[in-house]
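# A closer look at the structure
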Amino acid sequence: MDTTAGGTPGATRTKPAGAPRPPRREPRPYSGTTDAVGIALLVCCGVWTLIAAAGRAARPEGTLLAILAVSAGYAAGRILGALLPVLAPAVAAVAVLALVLVPPSRLSAHPDAPPLGYPNADAALLVLAVGAACCAAWAVRGKGWRLGLRLVAAGAAVTALALGSAAGFAAGIGVVLYSLAAARMRRRLLGLCGLALAAALAVGGSYAVAVDALPSGLSESLTGQLTQPRVELWHEAIDLAERHPLRGVGPERFTEENAGPPADATTAVAASPPSAPLQLAAEQGIPGAALLAVAFGWLLYALWRSPRPTPVVLTAGAALTGLALLATVDHVLSYAVVTAGAGFLAGMATARPLPDDGCPPVAGSASGLLLPDDGFGPLR
């Protein structure tokens, strides 16, 4: 009986043995446009910093150093992520954990204990280590190695709690759980949009607390957790941004222009507003804060276009969003090591591993990750 087209109606159509399968849809070729936009954005950030400092006794060196650090970290991440997509993030995570745990006085609760001399900045670095370890776990082969790397990630999160940073611990555990859930996400866009929404809510929440726009009970509760001196500095930053909306008061000039009460040294709050968006709004005006928001949006877009597998991309995005949440309520981005680490993780998550790195692609994966192929290449 003829079982092909034109045969008996209702007959089952079968393919001849050995017939070639229809070609899969090829992945979208990599384009350097995204990188070019990122470079242009960094240049704009540096130029605007100099514009905001022009004609004043300002100190733009700190912001320029942060831009340089994130650029260098991103370049290193792209290179090492292509050459060593498993080893590079794994070694970075273990190195951060060792720097925190090895010094004898590290967990002594002394505020100047190494490596960065500020527990909350160390906790932010540990959140990046959690993301790096989880990314390496998704890229490695073997259940034993994967489990070991996830234990390293969980250990880094617990270490943040041992340093006294409950926020760092929550962010680290959130990255681990998000990384595990990412295995079931076939499309990365929805996950990245959720991360963008979380960052936007954090910024909006800090602004609402600063201007006392929340209900009294909720506002008092959040103020008590964030500490009153911190909230007062936020309020002063918003006041300066409203009085100087274009160029702000100038980089590193918040202390000179601050008319509010000085920060309490026992609260570990610096003289500058412990919030990256509010500090930029006060010192570089609305354009400075807008450039920071655009930079974060570009980062999420670059992750969306990344050739790496979706779990790796979403894990890195969760870690970087966790850092953004911490930077919304503390001045952790003032440390060049933290910004360099963020750039390294972003570069690693957007790198294209070389075909001869020992992890040949299988089932639509760029690094040997066993994922079901949806026929649409790596853009998910």
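The structure contained in this document is the topic of the report that follows. Counting restarts for each chain: residues are numbered from 1 in the order of the written sequence. The predicted origin of the model limits local features to residues at a pLDDT of at least 70 and limits the giving and counting of side-chain atom pairs to 80 or more, whereas totals for whole chains, interfaces and linings rest on all residues. The basis for every side-chain value is the complete set of non-hydrogen atoms in the structure, without hydrogens or water.

Right, let's get into the overall build of the protein chain. Put simply, DSSP H or I for four residues or longer makes a helix, DSSP E for two residues or longer makes a strand, and each gets a number counted from the N terminus. Scanning the protein chain from terminus to terminus reveals 13 helices and zero strands. Secondary structure elements of the protein chain occur, N-terminal to C-terminal, as α-α-α-α-α-α-α-α-α-α-α-α-α. Summary of the burial criterion: residues with accessible area below 20% of their type's maximum are buried, those above 50% are exposed, and those between are partly exposed, where the area comes from a 1.4 Å probe applied to protein chains only. Counting across all 380 residues of the protein chain, residues that qualify as buried make up 45%. Residue contacts are counted whenever heavy atoms from the two residues lie within 4.5 Å of one another. For the protein chain, long-range pairs separated by at least 24 residues make up 74% of all intrachain contacts whose partners lie at least 6 apart in sequence. Carbon and sulfur atoms make up 69% of the accessible area of the protein chain, which amounts to about 18100 Å² in all. Calculation of accessible area relied on Shrake-Rupley with a 1.4 Å probe; when residues are assessed, cover is drawn exclusively from the protein chains displayed.

It is worth spelling out the nonpolar core at this point. If you look at the biggest cluster of nonpolar residues, it comprises 62 residues, and the most contacted ones within it are Leu 126, Leu 128, Val 130, Leu 320, Leu 323 and Leu 345. Side-chain atoms within 4.5 Å link the members of a nonpolar core, which is a set of buried Ala, Val, Leu, Ile, Met, Phe, Trp, Tyr and Cys residues. Of all hydrophobic cores here, the second largest spans 13 residues; its members include Ala 210, Leu 233, Ala 237 and Phe 254.

All right, on to the packing of aromatic side chains then. Here a pair means two rings of Phe, Tyr or Trp (six-membered ring of Trp) with centres within 6.5 Å. Their orientation is stacked below 30 degrees between planes, edge-to-face above 60, and tilted elsewhere. The final tally for this structure, using the stated rule, is three aromatic pairs. Considering the side-chain rings of Tyr 118 and Tyr 335, the 6.2 Å spacing of their centres and the 15 degrees angle between planes classify their relative orientation as stacked. Taken together, the residues span a long stretch of sequence, with Tyr 118 in the loop between helix H3 (87–101) and helix H4 (119–139) and Tyr 335 in the loop between helix H12 (310–329) and helix H13 (336–350) at a distance of 217 residues. Note on geometry: a ring has a charge over it if NZ (lysine) or CZ (arginine) is within 6 Å of the ring centre and within 35 degrees of the ring normal. Directly above the aromatic system of Trp 138 lies the positively charged group of Arg 150, at a separation of 4.7 Å from the ring centroid.

The next thing to look at is a nonpolar patch on the surface. A cluster of nonpolar side chains, contributed by Ile 79, Leu 80, Leu 83, Leu 84, Leu 87, Val 91 and Leu 354, occupies part of the molecular surface with about 580 Å² of accessible area. Counting only elements with at least two residues in the nonpolar patch, the list comes to helix H2 (61–83) and H3. At three residues, H2 tops the list of elements feeding residues into the nonpolar patch. By the secondary structure assignment, Ile 79 is in helix H2. Excluding any residue in a salt bridge, patches collect residues exceeding 30% relative accessible area, merging like charges within 9 Å and nonpolar Val, Leu, Ile, Met, Phe, Trp and Tyr side chains within 5 Å. We define a salt bridge as a side-chain nitrogen of Lys or Arg found within 4 Å of a carboxyl oxygen belonging to Asp or Glu.

Here we come to the pattern of salt bridges. Summed over the entire model, instances satisfying the criterion amount to five salt bridges. The salt bridge partner of Arg 243 is Glu 236, with a shortest N-O separation of 3.7 Å. Put simply, Arg 243 and Asp 239 hold a salt bridge, and the shortest N to O gap is 3.1 Å. Of this pair, Arg 243 and Asp 239 both sit in helix H9 (residues 228–243), four residues apart, roughly one helical turn. Judged by relative accessible area, which is 46%, Arg 243 ranks as partly exposed. One network of salt bridges, with partners in common, ties together Glu 236, Asp 239 and Arg 243.

Our next topic: the environment of Thr 328. Residue position: Thr 328 is located in helix H12. Looking at Thr 328, the relative accessible area reads 3%, which means it is buried. With near-sequence residues (within four places) excluded, Thr 328 lies in contact with Ala 202, Val 203, Ser 206, Trp 234, Pro 274, Ser 275 and Pro 277.

For a helix, the expected span equals 1.5 Å multiplied by the residue count minus one. Look at helix H7 (residues 188–210): 34 Å from first C-alpha to last across 23 residues, which is about the 33 Å you get at 1.5 Å a residue. Of all the residues in H7, the buried ones are Arg 188, Gly 191, Leu 192, Leu 195, Ala 199, Ser 206, Ala 208, Val 209 and Ala 210. The positive-phi residue at the C-terminal boundary of H7 is Asp 212, with phi of around 60 degrees.

This brings us to the packing of helix H1 (residues 33–53) against H2. Interaxial distance between H1 and H2 falls to 9 Å at its minimum, and their mutual angle equals 165 degrees. As far as their axial angle goes, H2 and H1 are roughly antiparallel. In this structure, the crossing between H1 and H2 has a hand that is left-handed. Touching Asp 35, Leu 42, Cys 45, Gly 46, Thr 49 and Leu 50 of H1 are Thr 63, Leu 64, Ile 67, Val 70, Ser 71, Tyr 74 and Arg 78, all from H2. Polar here means any residue other than Ala, Val, Leu, Ile, Met, Phe, Trp, Tyr, Cys and Pro, which are nonpolar, and Asp, Glu, Lys and Arg, which are charged; Gly is therefore polar. Looking at the contact of H1 with H2, its residues break down into seven nonpolar, four polar and two charged. Throughout, an axis means a line fitted to C-alpha atoms (over the contacting stretch in the case of helices), and angles, computed between N-to-C directions, take values from 0 to 180 degrees. Here the word oblique covers every angle except those under 35 degrees (roughly parallel), over 145 (roughly antiparallel) and from 65 to 115 (roughly perpendicular). In this scheme the handedness of a crossing depends on how the near helix is turned from the far one: anticlockwise by less than a right angle means left-handed, clockwise means right-handed.

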